[in-house]
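Listed below, chain by chain, are the residues.
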Protein chains: 2
Amino acid sequence: MSLQSTDTPVFSCGLDASLRIVGGKWKPLILYFLCGGPSRYGELKRAVAGVSDKMLIQQLKELEAHGMVIRKDYGEIPPRVEYSLSPMGRSLGDALKPLCVWGEQNAGEIAAALRPGS
Amino acid sequence: MSLQSTDTPVFSCGLDASLRIVGGKWKPLILYFLCGGPSRYGELKRAVAGVSDKMLIQQLKELEAHGMVIRKDYGEIPPRVEYSLSPMGRSLGDALKPLCVWGEQNAGEIAAALRPGS
DNA sequence: CTGGATCCTATAAGATACTG
DNA sequence: CAGTATCTTATAGGATCCAG
């Protein structure tokens, strides 16, 4: 009946909101790696380790659509595309840092906890 | 041929390791809410908002198996169970805090970015 | 109140092959 | 090099009903 509010998403809390952007298996890793500076597609793929072309492209497109990542196509042959973080993407990457540190510090316990099988 | 190393998980980085523990839609929210103090099952379910019994129990069991959450059953009738964080779980919850803050600060932009679809 | 069990669907993710 | 397209599988997640 009205033109407004197609349906603005509502979040239960800040963490919920963040997870809409970085949810999934690959996005945090992509974001965090790009914190180290702009990266070409191939470089990014090697860095993420294990990701398929399909997933990498898909996640990159979503991150770009959400304004976290900037894609720069140099229009050259052979192709040359560079991905970098927007200011907002960078701040999100920074927010991921403590989680990364936690993982490094507790890598041993985590590996042990994971071994018995889930 | 050897007894050791059934297959110790290997992580590509700290963030990767962390995600093995807090990956998924609900675990971060559970962890973070429990940072506010121990909570009974029903209380937790109301707090997480939208989670089903099945998912909540499942995620809680995994978090418990991984040593992040402690389940205390009071053995009463009617049942009374309290969930709390282990020291490690608490440190993980703390590492989630910046992400939560980021979501709060950027809730507006996130909602806007999410609206167009995907 | 705190779950367990079952069934079902949606989405994430992986494999493979192909293209400008 | 940087993707696209298609197919298939795995897992996450949801609905419903049941139980001590």
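Rules and cut-offs
- Residues numbered from 1 in each chain as written.
- Chains lettered and ligands numbered in written order.
- Predicted model: local features only at pLDDT ≥ 70, side-chain atom pairs only at ≥ 80, totals over all residues.
- Heavy atoms only, no water.
- Buried < 20%, exposed > 50% of the residue type's maximum accessible area, 1.4 Å probe, protein only.
- Helix = DSSP H or I, 4+ residues; strand = E, 2+ residues; numbered from the N terminus.
- Least-squares fit on C-alpha atoms with pLDDT ≥ 70 in both.
- Contact = heavy atoms within 4.5 Å.
- Buried area = accessible area lost by both parts, 1.4 Å probe.
- Polar contact = N/O pair within 3.5 Å; in protein donor to acceptor, adjacent residues only side chain to side chain.
- Nonpolar A, V, L, I, M, F, W, Y, C, P; charged D, E, K, R; others polar.
- Pairing = 2+ DSSP bridges.
- Axes fitted to C-alpha atoms, helices over the stretch in contact; angles between N-to-C directions.

You'll find chain A entered in an unreviewed UniProt entry as HTH hxlR-type domain-containing protein, with Hyphomonas chukchiensis given as the organism.

Undergrad: What exactly am I supposed to notice about helix 1 (residues 14-22) of chain B here?
TA: Side chains of residues three or four places apart in an α-helix project in the same direction, reflecting 3.6 residues per turn. Among the nine residues of helix 1 of chain B, eight are classified as buried, and the element is accordingly described as predominantly covered. Of all the residues in helix 1 of chain B, the buried ones are Gly-14, Leu-15, Asp-16, Ala-17, Ser-18, Leu-19, Ile-21 and Val-22 of chain B.

Undergrad: Would you take a moment to explain the environment of Gly-42 of chain B for this structure?
TA: Within the secondary structure layout, Gly-42 of chain B lies in helix 3 (residues 41-48). Expressed as a C-alpha distance, the spacing of Gly-42 of chain B and Glu-82 of chain B, which sit 40 residues apart in the sequence, is 9.6 Å.

Undergrad: So what exactly am I meant to see when it comes to the relation of the copies chain B and chain A here?
TA: Superposition of the two copies of the chain requires a rotation about an axis together with a shift along that axis. Once chain B is rotated about the relating axis by 180° and shifted along it by 0.0 Å, it coincides with chain A to within an RMSD of 0.0 Å. The transformation relating the two chain copies, once decomposed into turn and shift, fits a two-fold axis. Of all interface residues in chain B, 98% are interface residues in chain A too; the two copies therefore contact each other through one and the same surface.

Undergrad: Quick question: what am I supposed to make of the interface of chain B and chain A here?
TA: Accessible area lost upon the coming together of the parts serves often as the stated size of an interface. Taken together, the contact between chain B and chain A spans 42 residues of the former and 41 residues of the latter. For the pairing of chain B and chain A, the buried interface totals around 3,700 Å² over both sides, and the portion due to carbon and sulfur atoms is 79%. Here chain B is connected to chain A by six residue pairs in polar contact (both at pLDDT 80 or more). Of all the elements in the fold, those that place two or more residues in the side of chain B that touches chain A are helix 1, helix 2 (27-34), helix 4 (53-65), helix 5 (87-105) and helix 6 (107-114) of chain B. Among the elements that line the side of chain B that touches chain A, the one with the most residues is helix 5 of chain B, at eleven residues. For the side of chain B that touches chain A, the per-class residue count stands at 25 nonpolar, nine polar and eight charged.

Undergrad: Honestly, the sheet that holds strand 2 (residues 69-73) of chain B in this entry has me stumped. Any pointers?
TA: Working definition: the strands of a sheet are paired by backbone hydrogen bonds and lie parallel or antiparallel to each other. Residues and elements named next belong to chain B. Taken in spatial order, the three strands make up an open sheet running 1-3-2, and their pairing is antiparallel. At either margin of the open sheet sits one strand with a lone partner, and together these are strand 1 (39-40) and strand 2. Its contacts with the sheet place helix 2 against strand 1, strand 2 and strand 3 (81-85), and it is angled at close to 90° to strand 3.

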